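The primary structure of each chain is shown beneath.
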Amino acid sequence: MGVMVILVSMPSIVKVLQFLIGHPTGATLEEITGATGESPAHVDKAVEKLVSLGIIDQRDGAYFYMPSQANDCFSEQLHKVYQTITHERSRDLFVRGLICQVPSQHPIHLETLLDIAEKEGLDRYGLRRFLQQEITRGYVKRIGIVFGKTNAIGTSILLPVYLTPYHWIGLRSQGDIKTCEYDTLESDADERTPDEEDYILAQYPPEMATSAREYMKDRGKELVHYLRDMDTMFWGGWLWRRKKTGQD
């Protein structure tokens, strides 16, 4: 087997195993600790478990991976499991980070959010499933909005990427929009008007919102960076999404 990439967010046992697979000549506890960045206590527990499973062996003060069909299969499956967990964790933080960049109580356009995440290589179906889980947990709300008045540019109409509470309340009080809250992301087409647009309203606890924003900050990207390359425009102090008339 070739050298595997050590993922920082993986547990100690996976890091230790991956390191030893890539070092067939073996390594001491000190070398393993330095390479994985784990604490000596965590490395001790990891090697103890791997030795008890017969995955690695200790000889002359060093630890060695024991290649075999069974061990190779176990190692590959373990890597895939935690790779999936890491990917899902990153996806969750990314999507939450996008949502939480919009201030609290500002509904953000769902399809725009999904388009951004999809451009980052995330699966759209998986994203919708994750957002449904967030709705079930009470972290976000799905709101359907029908705009009675829209601005037109050529063959396109402009829809807000997100609405401030003041803008939202003003439009509602003037009868310029109609809203409906849903308890699921999936909708019954018979209950919706063709012009209804889905928005997501965040209700994350402060600590979760802060963690999500910090994740996006570490990536060095903000919501506006993603929107620059999309079919959006600033006009009248608002950020708008173009939508072709007569199309979904």
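Right above here is the structure, for reference.
What you see is a predicted model, and the numbers here were worked out from it, not measured in a lab.

A word on the packing of helix α1 (residues 12-21) against helix α4 (residues 69-101). Axis separation between α1 and α4 bottoms out at 11 Å; the angle between their running directions is 130 degrees. Classified by the angle their axes make, α1 and α4 are oblique. Classified by chirality, the crossing of α4 by α1 is left-handed. The segment α1 lies against α4, with Val-14, Leu-17, Gln-18 and Ile-21 engaging Phe-74, Ser-75, Leu-78, His-79 and Tyr-82.

Relative to the 18 Å expected for 13 residues at 1.5 Å per residue, helix α3 (residues 40-52) spans 18 Å between its end C-alpha atoms, a close match to the ideal helical length. Of all the residues in α3, the buried ones are Val-43, Ala-46, Val-47 and Leu-50. Projected down its long axis, α3 carries its buried residues within an arc of 95 degrees, all on one side. Exposed side chains of α3 directed beyond 90 degrees from the buried face belong to Lys-45, Glu-48 and Ser-52. If you follow the buried residues of α3, they end up packed against α1, α2 (29-36), β1 (56-59) and β2 (62-65).

Spatially, the 4 strands line up as an open sheet ordered β3-β8-β4-β7, and their pairing is antiparallel. Both edges of this open sheet fall to β3 (108-109) and β7 (177-182), since each of them pairs with a single strand only. In this sheet, strand β8 (residues 197-202) lies alongside strand β4 (residues 140-147) in antiparallel orientation, the contact comprising 6 bridges. What sits directly across from Gly-144, in β8, is Asp-198.

We now examine the pattern of salt bridges. In the structure shown here, the tally under the stated rule is 11 salt bridges. Residue Arg-59 pairs with Asp-57 through a salt bridge whose shortest N-O separation is 3.5 Å. By relative accessible area, Arg-59 is classed as partly exposed at 38%. Residue Asp-57 is classed as partly exposed on the basis of its relative accessible area of 27%. Across the pair Glu-111 and Arg-128 runs a salt bridge, and its minimum N-O distance is 3.8 Å. Linking Glu-111 in helix α5 (residues 110-119) with Arg-128 in helix α6 (residues 124-137), this pair joins segments that are 17 residues apart in sequence. Glu-111 sits in the partly exposed class, given a relative accessible area of 27%.

Basis of the calculations
- Residues numbered from 1 in each chain as written.
- Predicted model: local features only at pLDDT ≥ 70, side-chain atom pairs only at ≥ 80, totals over all residues.
- Heavy atoms only, no water.
- Axes fitted to C-alpha atoms, helices over the stretch in contact; angles between N-to-C directions.
- Helix = DSSP H or I, 4+ residues; strand = E, 2+ residues; numbered from the N terminus.
- Parallel < 35°, antiparallel > 145°, perpendicular 65-115°, else oblique.
- Left-handed = near helix turned anticlockwise from the far one by under 90°.
- Contact = heavy atoms within 4.5 Å.
- Expected span 1.5 Å × (residues − 1).
- Buried < 20%, exposed > 50% of the residue type's maximum accessible area, 1.4 Å probe, protein only.
- Arc of directions from axis to C-beta.
- Pairing = 2+ DSSP bridges.
- Salt bridge = Lys/Arg side-chain N within 4 Å of Asp/Glu carboxyl O.

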